[in-house]
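Read off the chains here:
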Amino acid sequence: MAAPLSIVYFAWVRERVGVSEESLSPPDSVATVADLVTWLSNLDQRHAAAFKDRETVRCAVNHEFADTSTVLRPGDEVAFFPPVTGG
Amino acid sequence: MAAPLSIVYFAWVRERVGVSEESLSPPDSVATVADLVTWLSNLDQRHAAAFKDRETVRCAVNHEFADTSTVLRPGDEVAFFPPVTGG
Amino acid sequence: MTTISVQTEDFDVAAEIGRLTNGRTDIGGLGCFIGVVREDTSHESPERAIRALTLEHYPSMTVRAIERITAEAERRWDLIGCTVIHRVGRMLPGENIVLVLTAAAHRQAALDATAFLIDWLKTKAPFWKREEFQNGEGVWVEAKDTDDAATARW
Amino acid sequence: MTTISVQTEDFDVAAEIGRLTNGRTDIGGLGCFIGVVREDTSHESPERAIRALTLEHYPSMTVRAIERITAEAERRWDLIGCTVIHRVGRMLPGENIVLVLTAAAHRQAALDATAFLIDWLKTKAPFWKREEFQNGEGVWVEAKDTDDAATARW
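First things first, this report covers the structure right here in the doc. (Residues numbered from 1 in each chain as written. Chains lettered and ligands numbered in written order. Predicted model: local features only at pLDDT ≥ 70, side-chain atom pairs only at ≥ 80, totals over all residues. Heavy atoms only, no water.)

### Observations concerning the interface of chain B and chain C
At the interface, 21 residues of chain B touch 27 residues of chain C. Summed over both partners, the interface of chain B with chain C comes to about 1,900 Å²; 58% of that surface belongs to carbon and sulfur atoms. For chain B, the biggest contributors to the area lost against chain C are B:His63, B:Thr85 and B:Gly87; these three give 38% of the whole. In this assembly, chain B and chain C are joined by three salt bridges. A salt bridge links C:Glu56 to B:Arg14, with the shortest nitrogen-to-oxygen separation between them at 2.5 Å. Counting the contacts that link chain B with chain C gives 14 residue pairs in polar contact (both at pLDDT 80 or more). (Contact = heavy atoms within 4.5 Å. Buried area = accessible area lost by both parts, 1.4 Å probe. Salt bridge = Lys/Arg side-chain N within 4 Å of Asp/Glu carboxyl O. Polar contact = N/O pair within 3.5 Å; in protein donor to acceptor, adjacent residues only side chain to side chain.)

This is the structure we're talking about:
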């Protein structure tokens, strides 16, 4: 991944990571959302806590709901959050 | 039928009969709503016109929807009208 | 709380919502349906466009019939309250005809009870609509099979 | 006409109905749903009664997500217009959270589209609810299987 990703967090995912937004440049081996989650989980304890229950974390890429197989491109905005509970 | 019935009409049934309410004393042979409709149909041209399509005329007895088999008692209020179209 | 009214004057939706909710904190969802006089332009001739609608009813029976319908809704769903206001008399296109409001702890009860109440009002309450056309003629609206089908769903 | 708003302030239901209908005479039915903060007293301890609800959202995505939902409703039903207003921030029991309004020529479209919109808003728009208890503690509300089931119906 040549350029950094913008990564944003919401609800308890945000609370566990400790920031609402960060700009990170993962290594070239990170191609998909699944790769990014694995990489983030190994970054530090806070990220590890946020992604401990990977099954319950949802994501969006560039403001569209995405799944773990979605391929990432430099400059993408990737959001992680729990299942939504509005309405 | 010893005492008179109060008979009320609504919508096009009322328009055809020409009155909205009347008090009538049918003969003893009138026991049910069906009997009453037959007797009314033979009363005059206006009643005959109102009950020409008997299948489309609905009725209520004492403010409850009723059917043609409902037995009438002296003093009952019997209403005749088309299928309802409110709401 | 159940509020039922049959009246010639228009209703105030916000005031009715306020009367139903009335500071309560156990309501999670409010359902609402408003029936409106529609200027039916589906007739081929513009002379048959609807100029007004007149609602006739059976005064000594109407409120009682609506009470039976709201009681049935309250039996089927866990409602905190409901409101039915039905206008009678002559109304112009764009005017309100009927208001149904339901309040419940959970949204599905409010949504279902709202749909149920308007479906049953259409087929089980003694109201009759007469359409008045632009050319002065008029017809009594015929009951629709689709309304009977909607009633039978419940 | 489609109106979408995500806002901290409360909404005025009567004003929104007026904005949607706006003197039109082709509307036959208006559907409406209002979601309200419910003081959930189902917890065993009164200390766990809900003191407030805070709605977080994803500002750069939220309106777009709601637009996709209203577009889907307009694709499925013959709507004259619809309105979705969703509040964010901190709200107290009894306060409005969300407003859904639909206008259609026929009642079934308005009723169905209203239920559809609130079901989809619950599972396809980026909002998260946090409950704040009387004792000061709080929890993020967990998504309900029943909401997924309600969404899947459509």
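### Thoughts on the interface of chain C and chain D
Chain C puts 34 residues into the contact, and the matching count from chain D is 34 residues. Taken together, the two surfaces of chain C and chain D that pack against each other cover about 2,500 Å², and 57% of this comes from carbon and sulfur. Three residues, C:Thr25, C:Arg38 and C:Arg107, lead the burial of chain C against chain D; their summed loss comes to 26% of the area buried on that side. Linking chain C with chain D are four salt bridges. Scanning the region where chain C abuts chain D turns up 13 residue pairs in polar contact (both at pLDDT 80 or more). Elements with a minimum of two residues in the side of chain C that touches chain D: α1 (13–21), β2 (29–36), α3 (107–124) and α4 (145–153) of chain C. When its residues are assigned to classes, the side of chain C that touches chain D shows 16 nonpolar, nine polar and nine charged. Bridge count for β2(C) against strand β2 (residues 29–36) of chain D is seven bridges, and the pairing is antiparallel. Within the sheet, the bridge partner assigned to C:Leu30 lies in β2(D) and is D:Ile34. (Helix = DSSP H or I, 4+ residues; strand = E, 2+ residues; numbered from the N terminus. Nonpolar A, V, L, I, M, F, W, Y, C, P; charged D, E, K, R; others polar. Pairing = 2+ DSSP bridges.)

### Concerning the sheet that holds β2(C)
What the eight strands build is an open sheet, ordered β1(C)-β4(C)-β6(C)-β2(C)-β2(D)-β6(D)-β4(D)-β1(D); its pairing is mixed. Both edges of this open sheet fall to β1 (2–7) of chain C together with β1 (2–7) of chain D, since each of them pairs with a single strand only. Direction aside, neighbouring strands of the sheet carry axes that sit 5 degrees apart on average. Each of β1 and β4 (79–87) of chain C is contacted by helix α2 (residues 59–76) of chain C, which is oriented at about 150 degrees to β1(C), the strand it contacts most. Set on the sheet, helix α1 (residues 13–21) of chain D makes contact with β2 of chain C together with β1, β2, β4 (79–87) and β6 (96–104) of chain D; between it and β6(D) the angle comes to about 25 degrees. (Axes fitted to C-alpha atoms, helices over the stretch in contact; angles between N-to-C directions.)

### Thoughts on unusual backbone geometry
Residue and element names in this part refer to chain B. You will see that Ala11, though not glycine, has its phi angle at about 55 degrees, which is positive. In this fold, Ala11 is placed in helix α1 (residues 11–17). With a relative accessible area of 0%, Ala11 lands in the buried category. The residue His63 is not glycine, and still its phi comes out positive at about 70 degrees. Note on placement: His63 falls in the loop between β3 (58–61) and β4 (64–66). When its relative accessible area of 13% is taken as the criterion, His63 is described as buried. (Buried < 20%, exposed > 50% of the residue type's maximum accessible area, 1.4 Å probe, protein only.)

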